[in-house]
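So you can see what is in the structure, the chains are spelled out below.
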Amino acid sequence: MSTFATLRALHALIGDALGEIEGVYRTRPEGTSPLDYPSLDVPHYNTAAHGAAQEAAEKLTSDPTVVTAMDKIVAACGQLAASLHRPFFQLVDVTTAGHVTSCMQFLEASHTVEILRAAGAGGMHVRKIARTIDELRGVQDGSVHALDSSKLGHILRVLATHHWLKEVRPDVFANNRLSAQIDTGKSLDQLRAGPEKKYDDTDGVAALVAMHGDEFHKSIAHLTDQLLPTLERSVSLRRPLDRDRIVPLPPTYKTPFSLTFRTNLGYFEWLKLPENKARLVRFGRAMYGARGWEVAENFIHAYPWKGLPQDAVIIDVGGGIGSTSIVLAEAYPHLRFVVQNREHVVDIAPTVSITVAVQKAWDAAHAKSIESGKVSFKAQDFFQPQPRSIRVSGAGTISSPAVYLVRGCTHKWPDVDVVKMLRHLRNSVGSGTELLIVDMLLPLACVDDGEEEEPIPGAVRSLAPVGSPLLANLGKASAHGYMLDISMMGMLNSKERTLRELSALARAAGWKVTGTTRATGSLWAYTSATPI
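The rules behind the values
- Sequence order sets the numbering: in each chain, residues are counted from 1 along the sequence as written.
- In view of the model being predicted, local features appear only for residues whose pLDDT reaches at least 70, and side-chain atom pairs are presented and counted only at 80 or more, with totals across whole chains, interfaces and linings using the full set of residues.
- Excluded from the side-chain calculations are hydrogens and water; all other atoms, namely the structure's heavy atoms, are used.
- Patch membership requires more than 30% relative accessible area and the absence of a salt bridge. Residues of like charge join within 9 Å; the nonpolar side chains Val, Leu, Ile, Met, Phe, Trp and Tyr join within 5 Å.
- Each accessible area is a Shrake-Rupley result for a 1.4 Å probe, and residues are judged covered by the shown protein chains and nothing else.
- Basic side-chain nitrogens of Lys or Arg form a salt bridge, by our definition, when they fall within 4 Å of a carboxyl oxygen of Asp or Glu.
- Numbering of helices and strands runs from the N terminus; a helix is a DSSP stretch of H or I covering at least four residues, while a strand is a stretch of E covering at least two.
- Think of it in three bands: with a 1.4 Å probe and only protein chains considered, a residue is buried below 20% of the maximum accessible area for its type, exposed above 50%, and partly exposed in between.
- Only the six-membered ring of Trp is used, alongside the rings of Phe and Tyr, when aromatic pairs are assigned; centres must lie within 6.5 Å, and planes under 30 degrees apart are stacked while those over 60 apart are edge-to-face, with the rest tilted.
- Should the NZ of a Lys or the CZ of an Arg lie within 6 Å of a ring centre and within 35 degrees of the ring normal, that charge is described as sitting over the ring.

Trainee: What's the story with a nonpolar patch on the surface in this structure? I'm lost.
Mentor: Taken together, the side chains of Phe88, Phe89, Leu91, Val92 and Val94 define a hydrophobic patch exposed on the protein surface, amounting to about 470 Å² of accessible area. Here Val92 shows up in helix α4 (residues 87–95). Residue class for Val92 comes out partly exposed when judged on its relative accessible area of 31%.

What follows is the structure, given as structure tokens:
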């Protein structure tokens, strides 16, 4: 295919996919008007009330047909830009992408999104924004330098150029649909009185931005220095013994994170240090904000839970405060869930889960799942052998569960630790237990044409439509998964895995992968395995 033919195919793909989206929005119940797609220029604050039409339009963005079409458009636009934009300017864009991250961190830390929400659609001039930021920071006491409004304007213009704000008039900025995601809903009075409570009772997205801009961004900046520590550019990160001799970095710095913060502690242990108390609280809120990677409806329908027998037991390995099990228990009340985690988490989990259910106006069934024993909690380190038997309310004493559910765990650990975790699970069960691993599975950037001895049901060789010029992993539309992969490498010495990699780890631990599936538009996969 010639270059022009490829470009025209991408152009046609965008038009066809846009038609599919418009068809969904135009197909409305009789007596109602067609909907327009949500505007980039109009903020949609999750903490505010909206009209019925606006809510309906936002809800349709999750429609499977819309999601599939959106992915095609984003992938095609990214590939068109890569094909047509001058290579040098693309080089500049990618090598300075960290500047945007830093600007996003500033946007969140300065409370600019909340300031602009209060300003309304007309926006606010940078001089007034700067004065408001200073007032919230307590500049008047003389201990903090005033913010330079000119520098502020340049930062906000970078974000407007990347469509994260709108410059409505010269030096006047307003929120848009993208920046509105970061809004905590807090008033300026609340931020003034208790800035440390900014992330309390929020959806966690602002905390996620702050975490990524802080320890994640700083750590990834040292990726090369940690992986290639002998390069001359790393000299400034080594310990000089004298003017003529320099020794390499200590070999105990196993990750870019440990190098960045000069610690031999792992990330989670480091968070528990007294000086990182605020970071630890922020991390918990950020993990709640990260739920946008996968919606609850997907794991409700991605596995045949309904076909399990009455009072079948599912052990939720490393299940945190039980968020996943609580949702599943509501959807499938005939099942029993046991959430395993370390003792300090298990001690607070029932109370935290019920509190969240009340605060977020979840259905009362969430709290009842815990109170009735449908969901229970057991202290268990998944790097230690599983108990020979456990007593489960309503199911009696069992020697092995129907399903071991491992959600969001494997991507946090290196291969050797994942094998150890899965091996302990394998050693505790007979032939009747199934393993369900729920984590991202990264597709290859090319068509997977490798020959497998025994193909895995549900595995796909390409996410792109047959015959299209799109990258097999949908390129830009899937890029977030690969960014998370590098984050895991930098922070935890771990990774997001391909299906080949996960299957190999499972087999090394005594499990055989029997199938995998994923929801429309999602890189999260639901991979089943049985004991070998």
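Trainee: Just checking my understanding: could you explain the pattern of salt bridges for this structure?
Mentor: As a working rule, side chains carrying opposite charge can pair if their charged atoms are close by. Enumeration over the complete set of coordinates arrives at 23 salt bridges. Between Arg177 and Glu58 there is a salt bridge; the shortest N-O distance is 3.0 Å. Here Arg177 is found in the loop between β3 (172–174) and α9 (188–193), whereas its partner Glu58 is found in helix α2 (residues 52–60), with 119 residues between them in sequence. Taking relative accessible area as the criterion, Arg177 reaches 22% and is therefore assigned partly exposed. In this structure, Lys198 and Glu114 form a salt bridge, with 3.9 Å as the shortest nitrogen-oxygen distance. In this pair, Lys198 is assigned in the loop between α9 and α10 (205–220) and Glu114 in helix α6 (residues 112–119), connecting sequence segments 84 residues apart. In this structure, Lys198 and Glu114 share a single accessibility class: buried. Among the charged side chains, a salt-bridge network with shared partners connects Asp214, Glu215, Lys218, Arg279 and Arg282.

Trainee: It is not clear to me how the packing of aromatic side chains should be interpreted in this structure. Could you clarify?
Mentor: Evaluation of the coordinates by the stated rule reveals 15 aromatic pairs. Ring geometry for Phe257 against Phe261: centres 5.4 Å apart, planes inclined by 40 degrees, an arrangement best described as tilted. The exposure class of Phe257 is buried, given its relative accessible area of 0%. For the ring pair Phe383 and Trp413, a centre distance of 4.7 Å and an interplane angle of 85 degrees mean the geometry is edge-to-face. With Phe383 in the loop between β8 (375–379) and β9 (390–392) and Trp413 in the loop between β11 (403–407) and α19 (415–427), this residue pair connects regions lying 30 residues apart in the sequence. Residue Phe383 is classed as buried on the basis of its relative accessible area, which comes to 11%. On the basis of relative accessibility, which here comes to 22%, the residue Trp413 falls in the partly exposed class. Among the aromatic side chains, those forming a connected cluster through ring pairs are Phe216, Phe257, Phe261, Tyr267, Phe268, Trp270 and Phe283. Positioned over the ring face of Tyr288 is Arg291, at 4.5 Å from the centre of the ring.

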